[in-house]
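# Working through the structure, step by step
Listed below, chain by chain, are the residues.
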Amino acid sequence: MQEINDLAWNGYNAVSTFSGCGGSSLGYKMANFKVLWANEFIDAARECYKANHKTTILDGRDIRKVSGSDILNAVSLNVGEIDLFDGSPPCASFSTAGNREDDWGKVKKYSDKSQRTDDLFYEYARLIKETQPKVFVAENVKGITMGVATSMLGSFQDDMFDDQSSTIIRTLMACGYKVDFRVLNSVNYGVPQARQRTIFIGVRNDLGLLPKFPLQQNTYFTTNDSFADLINSEEEIKESQYNPASKIYGMIKKLKEGESGDTLPESNGSYFGLQRIRGDRPCPTICQRQGNKGAGLVHPKEDRELTVSELKRLSSFPDDFILTGNYKRKCERIGRAVPPLLMKAIAKEIQESILMQIKK
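On a predicted model such as this, the values are computed, not experimentally measured, just so you know.

### Describing the overall build of the chain
Helix and strand counts for the chain come out as 12 helices and 11 strands. Burial analysis of the chain (360 residues in total) assigns 54% to the buried set. Within the chain, residue pairs in contact and separated by at least 24 positions form 64% of the contacts whose partners lie at least 6 positions apart. Element-wise, carbon and sulfur atoms account for 48% of the exposed surface of the chain, whose accessible area totals about 15,700 Å².

Below, the structure is given as structure tokens:
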């Protein structure tokens, strides 16, 4: 995979936190940003990031142990000189697919480690305050804008009966930024996957500019579009197959395109995550449980799960992007990743509407 040194650098730098396998970082690089530094605590994700982003300084510490001065010293910049500060604080505590508020304040298993996750947005904000980048971008699940999670998210409106000072929005604003957020769907930005994500953008107050979000594209890509010239290896096909003697295999053979497992009589209302995707539409959201053989997306025509190469195409990762580990681990990395083309669109908008206006 090409590094930014092989591309036309746009003159702007970025740092990344909660970087995962590097989906956001790849999006910034596609937009010709230079990603100087990244942090990822999960061992398997860090291994994958390192394999694809060799020129980026990679810090593996718990984010709670990282200071703003650590980052600035590592990249030889002063306070206020980082152009774009990125972060995707783990979203399990806010996801509608999880336990949400029942897990707040608890140490829970997350990928191959255990940690508390509901406080990590505040660690991200701490680093914003300490480094004072020109712009920040934070990504999270749509669920952070829904239900009880909105009490932690907060509001731009003052409420005389409710103290907003400790909410995520007000904490980010208190760092010295004009802040806005939108729920963006990756399918509107060239990704053949319907994946809704809450995107926060902050612009430092002294710059006199407002956050800007990319306009939706008019072109949509389907599953069939993404698979058009793809040739899977025999190994990939084999690892994506179900045990022919299993109950799950019998169920998926009955599923037509667009149908999910919970519609079958033998499911007893379960297996809603088991779904045969439609070839003529964008793929549904790929989740971290993909690869579990019973809780993931099924090929439109063949009686098997999706191969790793198919998952990369559906998430807008290049074919030569390296995923490490076994089949299940590779699927998890894709399921937790930000689609690079979504972040490329965001980065391009920030460059043109904010960073380039500063220079003027």
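On we go.
### Structural notes on the sheet that holds strand 9 (residues 196-204)
Pairing is mixed in the open sheet, where seven strands are placed in the order 3-2-1-4-7-9-8. Looking along the sheet, the strands with just one partner apiece sit at the ends: strand 3 (57-59) and strand 8 (177-185). Across the sheet, the mean angle from the axis of one strand to that of its neighbour is 20°, orientation sign disregarded. Bridge analysis of strand 7 (residues 135-141) against strand 9 gives seven bridges, and the strand direction is antiparallel. Among the inter-strand pairings, A138 is bridged to a residue of strand 9, identified as F200. Contacts from helix 3 (residues 68-75) reach strand 1 (13-17), strand 2 (34-39), strand 3 and strand 4 (84-87) within the one sheet, and its direction differs from that of strand 2 by about 140°.

### With respect to the packing of aromatic side chains
Applying the stated criterion to the full structure yields 10 aromatic pairs. Ring geometry for F156 against F181: centres 6.1 Å apart, planes inclined by 20°, an arrangement best described as stacked. Of this pair, F156 sits in the loop between helix 5 (150-153) and helix 6 (168-174) while F181 sits in strand 8, placing them 25 residues apart in sequence. For F156, a relative accessible area of 35% corresponds to the partly exposed category. Taken together, a centroid distance of 5.4 Å and an interplanar angle of 40° make the contact between F181 and F200 tilted.

### Examining the nonpolar core
Core analysis: the largest hydrophobic core is formed by 30 residues, its most contacted members being I71, F85, F121, Y124, F136, L172 and F200. At the level of elements, helix 3, helix 4 (120-131), strand 7, helix 5, helix 6 and strand 8 are the ones that each hand at least two residues to this core. At six residues, the largest contribution of residues to this core is made by helix 4. Among all residues touching Y124, those that are not within four sequence positions of it are T17, F18, F85, D86, G87, P89, F136, V137, A138 and L172. Judged by nonpolar contacts, the second largest core, of 27 residues, contains V35, A38, L84 and L207.

### Some points on the pattern of salt bridges
Under the counting rule described, the total for this entry stands at 22 salt bridges. For D83, the salt bridge goes to K134, with nearest N and O atoms at 3.0 Å. Here K134 lies in the loop between helix 4 and strand 7 and D83 lies in the loop between helix 3 and strand 4, a separation of 51 residues in the sequence. Like D83, the residue K134 is buried in the burial classification. Linking E332 and R333 is a salt bridge whose minimum nitrogen-to-oxygen distance equals 3.6 Å. A relative accessible area of 4% means that R333 is categorised as buried. Where salt bridges share partners, they join D59, R61 and D70 into one cluster.

### Comments concerning the packing of helix 3 against helix 4
For the pair helix 3 and helix 4, interaxial distance at closest approach is 8 Å and the crossing angle is 55°. It follows that helix 3 is oblique to helix 4 by the angle criterion. For the pair helix 3 and helix 4, the sense of crossing is right-handed. Residues G68, I71 and L72 of helix 3 pack against L127, E130 and T131 of helix 4. Along the lines of polarity and charge, the residues of the contact of helix 3 with helix 4 split into three nonpolar, two polar and one charged.

### Some thoughts on the pairing of strand 9
Burial of strand 9 is extensive: eight of the nine residues sit out of reach of the surface. Alignment of strand 8 against strand 9, held across nine bridges, turns out to be antiparallel. Within strand 9, the position partnered with L184 by the bridge is R197.

### A word on helix 1 (residues 23-30)
Most of helix 1 sits inside the fold, with seven of its eight residues counted as buried. Residues of helix 1 that are buried include every one of G23, S24, S25, L26, G27, Y28 and K29, and no others. Immediately beyond the C-terminal end of helix 1, within one or two residues, lies N32, with a positive phi of roughly 75°.

### Points about unusual backbone geometry
Phi at F18 takes a positive value of approximately 50°, unusual for a residue other than glycine. Here F18 shows up in the loop between strand 1 and helix 1. The backbone of N32 sits at a positive phi, close to 75°, despite the residue not being glycine. Within the secondary structure layout, N32 lies in the loop between helix 1 and strand 2.

### So, the environment of Q288
Of note, Q288 is situated in the loop between strand 10 (275-276) and strand 11 (297-298). For the pair Q288 and C331, spaced 43 residues apart in sequence, the C-alpha to C-alpha distance is 6.9 Å. Leave out the neighbours within four places in its chain, and Q288 touches E332, G335 and R336.

Calculation notes
- Residues numbered from 1 in each chain as written.
- Predicted model: local features only at pLDDT ≥ 70, side-chain atom pairs only at ≥ 80, totals over all residues.
- Heavy atoms only, no water.
- Helix = DSSP H or I, 4+ residues; strand = E, 2+ residues; numbered from the N terminus.
- Buried < 20%, exposed > 50% of the residue type's maximum accessible area, 1.4 Å probe, protein only.
- Contact = heavy atoms within 4.5 Å.
- Areas by Shrake-Rupley, 256 points an atom, 1.4 Å probe, with all protein chains shown as cover.
- Pairing = 2+ DSSP bridges.
- Axes fitted to C-alpha atoms, helices over the stretch in contact; angles between N-to-C directions.
- Phe/Tyr/Trp six-rings, centres within 6.5 Å; stacked < 30°, edge-to-face > 60°.
- Core = buried A, V, L, I, M, F, W, Y, C linked by side-chain atoms within 4.5 Å.
- Salt bridge = Lys/Arg side-chain N within 4 Å of Asp/Glu carboxyl O.
- Parallel < 35°, antiparallel > 145°, perpendicular 65-115°, else oblique.
- Left-handed = near helix turned anticlockwise from the far one by under 90°.
- Nonpolar A, V, L, I, M, F, W, Y, C, P; charged D, E, K, R; others polar.

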